[in-house]
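Descriptive structure summary
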Amino acid sequence: LLSERSTPIAEFDDILIDQGDADNFLTEKQLLPENLVEAAGRCGQRVTLRMQKGYDHSYFFIASFIEDHVSFHGKRLQKRSAQILASKAAANDFASTAGKPITCQAM
């Protein structure tokens, strides 16, 4: 999808990828993270590719780096949640109507 874009995805300030350099899927060219990084670069999308020395495609690899990914996404979810709450608070600004009569618009 990034290869079809001319601009970065606004909702993603960064994409985090961990890849084991001993992964059979990588050495057999079934995984091509360099293609993703190249496509991201063409559209200005930030990507952090971390090649992990000696790791393969195992559960141990996932378990070794899952905390980083949970933290990475947690920070972005907190930021987005704060943005949503701020926009809802702005939409619910009742100060301009306080003390004024209410007129029914339903009829």
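Residues numbered from 1 in each chain as written. Predicted model: local features only at pLDDT ≥ 70, side-chain atom pairs only at ≥ 80, totals over all residues. Heavy atoms only, no water.

Topic: the overall build of the chain
Within the chain one finds three helices and two strands. Helices and strands in the chain line up, N terminus first, as β-α-α-β-α. Here the C-alpha coordinates of the chain stretch approximately 70 × 30 × 25 Å along the principal axes. Taken across its 107 residues, the chain has 19% of its residues classed as buried. (Helix = DSSP H or I, 4+ residues; strand = E, 2+ residues; numbered from the N terminus. Buried < 20%, exposed > 50% of the residue type's maximum accessible area, 1.4 Å probe, protein only.)

Things to note about the layout of surface pockets
What the largest pocket holds in volume is close to 380 Å³. Going through the elements one at a time, strand S1 (15–20) and helix H3 (59–91) are the ones with two or more residues in the lining of the largest pocket. For the lining of the largest pocket, the element with the most residues is H3, which contributes seven residues. In the lining of the largest pocket, the residues fall into six nonpolar, two polar and six charged. (1 Å grid on protein atoms, 1.4 Å probe; cavity = no way out; pocket = protein on both sides within 12 Å on 5 of 7 lines; lining within 4 Å. Points joined across faces, edges and corners; volume = space filled by probe spheres on them. Nonpolar A, V, L, I, M, F, W, Y, C, P; charged D, E, K, R; others polar.)

So, the packing of aromatic side chains
The description of two aromatic rings rests on the distance between their centres and on the angle between their planes. Inspection of the entire model under this criterion finds four aromatic pairs. Taken together, a centroid distance of 5.4 Å and an interplanar angle of 55° make the contact between Phe61 and Phe65 tilted. Here Phe65 and Phe61 lie together in helix H3, a separation of four residues that amounts to about one turn. Both residues of the pair, Phe61 and Phe65, count as buried. For Arg76, the ring lying beneath its charged end belongs to Phe72, and the centroid distance is 3.6 Å. (Phe/Tyr/Trp six-rings, centres within 6.5 Å; stacked < 30°, edge-to-face > 60°. Lys NZ or Arg CZ within 6 Å of the ring centre and 35° of its normal.)

Notes on the pattern of salt bridges
Going through the model one piece at a time under the given rule, you end up with five salt bridges. Where Arg50 meets Asp18, a salt bridge forms, and the shortest distance between an N and an O atom there is 2.7 Å. You can see Arg50 sitting in strand S2 (residues 47–52) and its partner Asp18 sitting in strand S1, a full 32 residues away along the chain. A relative accessible area of 26% means that Arg50 is categorised as partly exposed. Judged by relative accessible area, Asp18 falls into the buried class, the value being 12%. Two residues, Arg50 and Asp68, come together in a salt bridge whose shortest N-O distance is 2.9 Å. One end of the pair, Arg50, is in strand S2; the other, Asp68, is in helix H3, with 18 residues separating them in the sequence. (Salt bridge = Lys/Arg side-chain N within 4 Å of Asp/Glu carboxyl O.)

All we've got here are geometric facts, nothing functional implied.
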